[in-house]
Amino acid sequence: MSDLAITDLKNPLGTPTSSRSITETVNGSHKFVIQGYSLAKGMGIGKHIASENFTVGGYQWAIYFYPDGKNPEDNSTYVSVFIALASEGTDVRALFELTLIDQSGKGKDKVHSHFDRSLESGPYTLKYRGSMWGYKRFFRRAMLESSDYLKDDCLKINCTVGVVVSAIDCSRLHSIQVPESDIGAHFARSPAFRSEFFDKMVGDEQEVSVADMEPKVFKAMLHFVYRDALPEDESVASGSCSPISETLTAKLLAAADKYDLGRLRRVCESRLCQDISVNSVSRALALADRYHATELKAVCLRFAAENLAAVMRSDGFEYLKENFPSLQSELLKTVAGCEEDCSSGGGKSLSVWAQLSDGGDTNGRRVRQRT
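Analysis parameters
Residues numbered from 1 in each chain as written. Predicted model: local features only at pLDDT ≥ 70, side-chain atom pairs only at ≥ 80, totals over all residues. Heavy atoms only, no water. Helix = DSSP H or I, 4+ residues; strand = E, 2+ residues; numbered from the N terminus. Buried < 20%, exposed > 50% of the residue type's maximum accessible area, 1.4 Å probe, protein only. Areas by Shrake-Rupley, 256 points an atom, 1.4 Å probe, with all protein chains shown as cover. Contact = heavy atoms within 4.5 Å. Phe/Tyr/Trp six-rings, centres within 6.5 Å; stacked < 30°, edge-to-face > 60°. Pairing = 2+ DSSP bridges. Axes fitted to C-alpha atoms, helices over the stretch in contact; angles between N-to-C directions. Parallel < 35°, antiparallel > 145°, perpendicular 65-115°, else oblique. Left-handed = near helix turned anticlockwise from the far one by under 90°. Nonpolar A, V, L, I, M, F, W, Y, C, P; charged D, E, K, R; others polar. Core = buried A, V, L, I, M, F, W, Y, C linked by side-chain atoms within 4.5 Å. Salt bridge = Lys/Arg side-chain N within 4 Å of Asp/Glu carboxyl O. Polar contact = N/O pair within 3.5 Å; in protein donor to acceptor, adjacent residues only side chain to side chain.

Describe the overall build of the protein chain, listing the residues and the values that go with them.
Per the secondary structure count, the protein chain includes 13 helices and ten strands. Counting over 371 residues, the protein chain shows a buried share of 43%. Carbon and sulfur atoms form 48% of the exposed surface of the protein chain, whose accessible area is close to 20500 Å².

The following block contains the structure:
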């Protein structure tokens, strides 16, 4: 065996690769007010009052309240409450929470929740349209009628649904590089400010008015102008619980665009990239498009294409459809480009897009709107 062959056998077959799947919930809530409870009694066992349909995770849901109970064997001893899948769907996995509101102001709500506790068998699975989760014996009726939950013949029920979705983690697969500091090469950091100070000021003017910017955003921008870095405090750091468009980083991105601060724009893009998720990517994409953040926009398009089914079930995607239809076309082009090389199985993406945007579900069936 030659020396060359021996060397080749010692080399690794290829560079190791890795990915990470994140499973999370797309959450939404609905308040159902039942006015005239006493008049609803006697409608019959198994008969219900339904809330309006509400959307969470791309599916329609409804709350069913049974004033005489759902189970004939209980002989109207209990009221029943259920959450129903009101649109087409197969094996929809979700977490639920039902809260009967204490109307005395004492805060002693009656809560049945899947959230914030370990579930031995995992999230509940609804097999088809009309599937329900809830309680046949939600509350003993005699006790309910003498409790603080019933006030002025009215009941209030809050419902939270968390639809389970999975996606590939973006933060390690995509990153945005920030260029090296160039503060020493610039007397005026912002061409826009340079124009304001040297070209537009007349006579004895001493001030430049800055409109449409919060003081804390302007302070952080000045910090960057003079120090070439963002202040390291909790309001700037990633991981905020606020919507991505309401974070200080997003507002600084808008300021960077307005005052032509290229490096600040890239710093903001890099930070926002770290927080991209199924729930946030649609709004991040809209933000990137509005403020000419080309690097962030490319990452958002790629992430959305790689996790298309989950993204299209998010509330953020509805926001994108309603407010930025042109970005849908760009996303479709990205999906087509991912067909060959997306790591998450891009071969299904176009069919998923066609089914969900044309009124179908992910199993290829047409969705009939409930009337």
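That covers the picture; the talk isn't over yet.
Could you give an account of helix H6 (residues 248-258), with specific residues and numbers?
Of all eleven residues making up H6, eight are buried, and the element is well covered by its neighbours. If you check which residues of H6 are buried, you get Leu-248, Thr-249, Ala-250, Leu-252, Leu-253, Ala-254, Ala-255 and Ala-256. Just downstream of H6, Asp-260 is the residue with a positive phi angle, here 55 degrees.

Describe the environment of Leu-320, listing the residues and the values that go with them.
For Leu-320, the position within the fold is in helix H11 (residues 315-323). Along the primary structure Leu-320 and Ala-286 are separated by 34 residues, whereas in three dimensions their C-alpha atoms are 7.1 Å apart. In this structure, Leu-320 is in contact with Ser-282, Leu-285, Ala-286, Pro-325 and Leu-327, ignoring residues within four places of it in sequence.

How would you summarise the packing of aromatic side chains if you had to cite specific residues and measurements?
The final tally for this structure, using the stated rule, is ten aromatic pairs. Taken together, a centroid distance of 6.4 Å and an interplanar angle of 70 degrees make the contact between Tyr-59 and Trp-61 edge-to-face. On the numbers, 6.4 Å between centres and 70 degrees between planes, the contact of Phe-96 with Tyr-124 is edge-to-face. On the criterion of sequence distance, the pair formed by Phe-96 in strand E6 (residues 92-100) and Tyr-124 in strand E8 (residues 124-126) is long-range, its members being 28 residues apart.

Residue-level account of the pairing of strand E4 (residues 59-66), with values.
The element E4 is extensively covered by neighbouring structure, given that seven of its eight residues are classed as buried. In this sheet, E4 lies alongside strand E3 (residues 54-56) in antiparallel orientation, the contact comprising three bridges. Along E4, the bridge assignment pairs Phe-54 with Trp-61. Where E3 folds back onto E4 in an antiparallel hairpin, the turn is made up of two residues, including Gly-57, whose phi is positive at roughly 65 degrees. Strand direction decides the pairing type here: E4 and strand E5 (residues 78-85), joined by six bridges, are antiparallel. Along E5, the bridge assignment pairs Trp-61 with Leu-85.

Quick rundown of the packing of helix H5 (residues 215-227) against H6? Include the residues and the values.
When two helices pack together, their arrangement is given by the angle between their axes and by how far apart the axes lie. As a packed pair, H5 and H6 sit with axes 10 Å apart at the nearest point and diverge in direction by 70 degrees. In terms of orientation, H5 and H6 fall into the roughly perpendicular class. As for how H5 packs across H6, the hand of that crossing is right-handed. Residue-level contacts link Lys-216, Val-217, Ala-220 and Met-221 of H5 to Leu-248, Lys-251, Leu-252 and Ala-255 of H6. Among the residues forming the contact of H5 with H6, the class breakdown is six nonpolar, no polar and two charged.

Provide a residue-level description of the nonpolar core, including the pertinent values.
Ranked by size, the top nonpolar core spans 52 residues in total, and within it Met-221, Leu-252, Leu-264, Leu-296 and Leu-331 carry the most contacts. Excluding residues within four positions of it along the chain, Leu-296 makes contact with Ile-176, Glu-269, Leu-272, Cys-273, Ile-276, Ala-284 and Ala-288. Phe-32, Phe-65, Leu-144 and Tyr-149 belong to the second-largest nonpolar core, a separate cluster that totals 30 residues.

Describe helix H8 (residues 281-290), listing the residues and the values that go with them.
When you tally the buried positions in H8, you get seven out of ten residues, the bulk of the element. Residues Val-281, Ser-282, Ala-284, Leu-285, Ala-286, Leu-287 and Ala-288 constitute the buried set of H8. At the exit of H8 stands His-292, carrying a positive phi of roughly 55 degrees.

Tell me what's going on with the pattern of salt bridges, and back it up with residues and numbers.
Close approach of charged atoms allows side chains of opposite charge to pair. This structure, assessed with the given rule, holds 13 salt bridges. The closest approach of N and O atoms between Glu-214 and Lys-251, which form a salt bridge, is 2.6 Å. Of the two residues, Glu-214 sits in the loop between helix H4 (191-200) and H5 while Lys-251 sits in helix H6, which places them 37 residues apart along the sequence. Glu-214 sits in the partly exposed class, given a relative accessible area of 33%. Ionic pairing is found between Glu-306 and Arg-302, a salt bridge with its closest N-O pair at 3.1 Å. One end of the pair is Glu-306 and the other is Arg-302, both in helix H9 (residues 294-306) and four residues apart, which spans about a single turn. We classify Glu-306 as buried; its relative accessible area is 9%. For Arg-302, a relative accessible area of 25% corresponds to the partly exposed category.

Quick one: what's the story with the side chain of His-114, residue by residue and with numbers?
Mapped onto the secondary structure, His-114 falls in the loop between strand E7 (110-113) and E8. One polar contact links His-114 to Trp-133, side chain to side chain, over a distance of 3.4 Å.

Kindly report on the environment of Glu-180, identifying the contributing residues and their values.
Turning to its location among the elements, Glu-180 is positioned in the loop between strand E10 (154-168) and H4. Residue Glu-180 is classed as exposed on the basis of its relative accessible area, which comes to 72%. Sequence separation of Glu-180 and Arg-263 is 83 residues, and the distance between their C-alpha atoms is 8.8 Å.

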